[in-house]
Amino acid sequence: MMTRPELPGRTPRGEGVPTALDGLLVVDFTRVVAGPACTQTLADYGAHVIKIENPDGGDDTRAYEHAEIGGESAAYLSLNRNKRGIALDFNNPAALEVARALIAKADVVVENFSGGVMKKFGLDYESVAPLNPRLVYCSISAYGRKGDFALRPGFDPITQAESGFMSLNGFADGPAVRTGPPIVDMATGMSACNAILMALLARDRLGRGQHVEVALFDVAMGMTGFYGMAYLINGENPGRFGNSPSGSPTVGVYEASDGPLYMACANDRLYRRLVTDVLERPDLVTDPEFAHRKARTANKEKLRAIIASVFASDTLENWMAKMKLANIPVGYLRTVEEGFNAPEARERHRLNRIAHPTAGSVPNIESPVNMSLTPTVDPVAAPLLGQHTKDVLSKTLGYDDRRIAALAEAGAFGKADNTG
């Protein structure tokens, strides 16, 4: 029985190594997935990210139930690394003054509240841009900040469903299926990060910041990719193809005698190599029913059955060895447990553990982006609720202890002691 991988401590990055975003101040009003994913990437590469949370419970993901350690949820820990956390009660005028003071100093603001919330508190772009003309202000929402749908709430699976993206996932004889991980949220976070970085480059040339927007619905529609483009060209509504795009018989899951594999022989050259060098069935090249791509598509069910019967005749490891020798794109079909214990994960140093104030240490999944001159910062676990309130107000805004105490007395940080 496999167990969780033993996580090593993380190797420090080395003294004096620069970061890509050193000196960039980001005020982060985001919660749940898309926004925190965006700001975590900025934080990973050196930006000083100040995460502002409601003192009454904080980020919604703190209560997610996948797993928890040290009183913090897996979801929250996975999305808020390398941030400084403060707690502000926006219903308190003193707290809003602190928020405006931070925005006035910021290079970037990121928010993903429901439509109208930032405007209600006077923290929307139009209200704060005059105070900070170089500010890059990023809004993340389900349906954008303008138009008939601006006030409509929405989440990842809703936009997967409504954009057509979900209709492409699953098997032809079954219902549409959402992706397991929130892929639209994650892709929206990546798109928002890209938008912010482009706006910062533009600021260097133009001398001023701007408002950028990213919407989950727009990202989901874009992620229909060539299926969406094909529909616009031929008018044919694409269906679901399970594990084989367009029903390709040489792409997808096959069962060896003792386990599954996934192969992707997506062109004629790979197909010939598969059937001759691996399956030892040269007749699958010479037979007119399978000699060309169009012929194979027309007879895909027949070809798939033949290939499946051959794979079923031998063990997984024997097939993997033959296919790797023939340089056929193939992989094990792994569970999360198997993937996280796999040699690829170890070789690429994807997993480690980092210090945490209540858990001692927590697992860490490394950023997937590697930069030779400006690598990621040494990771710091996601902050406890309000953990850095006093530190941020003191070091970023220059508030003294008396002023911070007065704000606490006024309730700016909520009823509990959220000053860190």
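These lines cover the structure that appears in this document, whether it is placed above or below. (Residues numbered from 1 in each chain as written. Predicted model: local features only at pLDDT ≥ 70, side-chain atom pairs only at ≥ 80, totals over all residues. Heavy atoms only, no water.)

## Considerations on the pattern of salt bridges
Item 1. Tallying each qualifying case throughout the model produces 18 salt bridges.
Item 2. In this structure, the salt-bridge partner of Arg-203 is Asp-107, at a minimum N-O distance of 3.2 Å. Here Arg-203, found in helix H7 (residues 183–206), pairs with Asp-107, found in the loop between helix H3 (93–105) and strand E6 (108–111); they are 96 residues apart in sequence, far enough to count as distant. In this pair, the class of Arg-203 matches that of Asp-107, namely buried.
Item 3. Residue Glu-111 pairs with Arg-145 through a salt bridge whose shortest N-O separation is 2.9 Å. Residue Glu-111 is located in strand E6, and its partner Arg-145 is located in the loop between strand E7 (136–141) and helix H6 (156–163); the two are separated by 34 residues in the primary sequence.
Item 4. Linked by salt bridges that have partners in common, Arg-10, Glu-366 and Asp-378 make up one network. (Salt bridge = Lys/Arg side-chain N within 4 Å of Asp/Glu carboxyl O. Helix = DSSP H or I, 4+ residues; strand = E, 2+ residues; numbered from the N terminus. Buried < 20%, exposed > 50% of the residue type's maximum accessible area, 1.4 Å probe, protein only.)

## Some words on the packing of aromatic side chains
Item 1. As enumerated under the stated definition, the model contains ten aromatic pairs in all.
Item 2. Note on Tyr-125 and Tyr-137: the rings are 5.7 Å apart at their centroids and 65 degrees apart in plane angle, and the pair reads as edge-to-face. In this pair, Tyr-125 sits in helix H5 (residues 125–128) while Tyr-137 sits in strand E7, placing the two residues twelve residues apart along the sequence. For the pair Tyr-125 and Tyr-137, a shared accessibility class is recorded, and that class is buried.
Item 3. Of the aromatic side chains, those joined through ring pairs into one cluster are Phe-29, Phe-90, Phe-113 and Phe-121.
Item 4. Note that Arg-62 overlies the ring of Tyr-76, its terminal NZ or CZ placed 3.9 Å from the centroid.
Item 5. Above the plane of the ring of Tyr-271 lies Arg-296, whose end atom (NZ or CZ) is 3.9 Å from the centre. (Phe/Tyr/Trp six-rings, centres within 6.5 Å; stacked < 30°, edge-to-face > 60°. Lys NZ or Arg CZ within 6 Å of the ring centre and 35° of its normal.)

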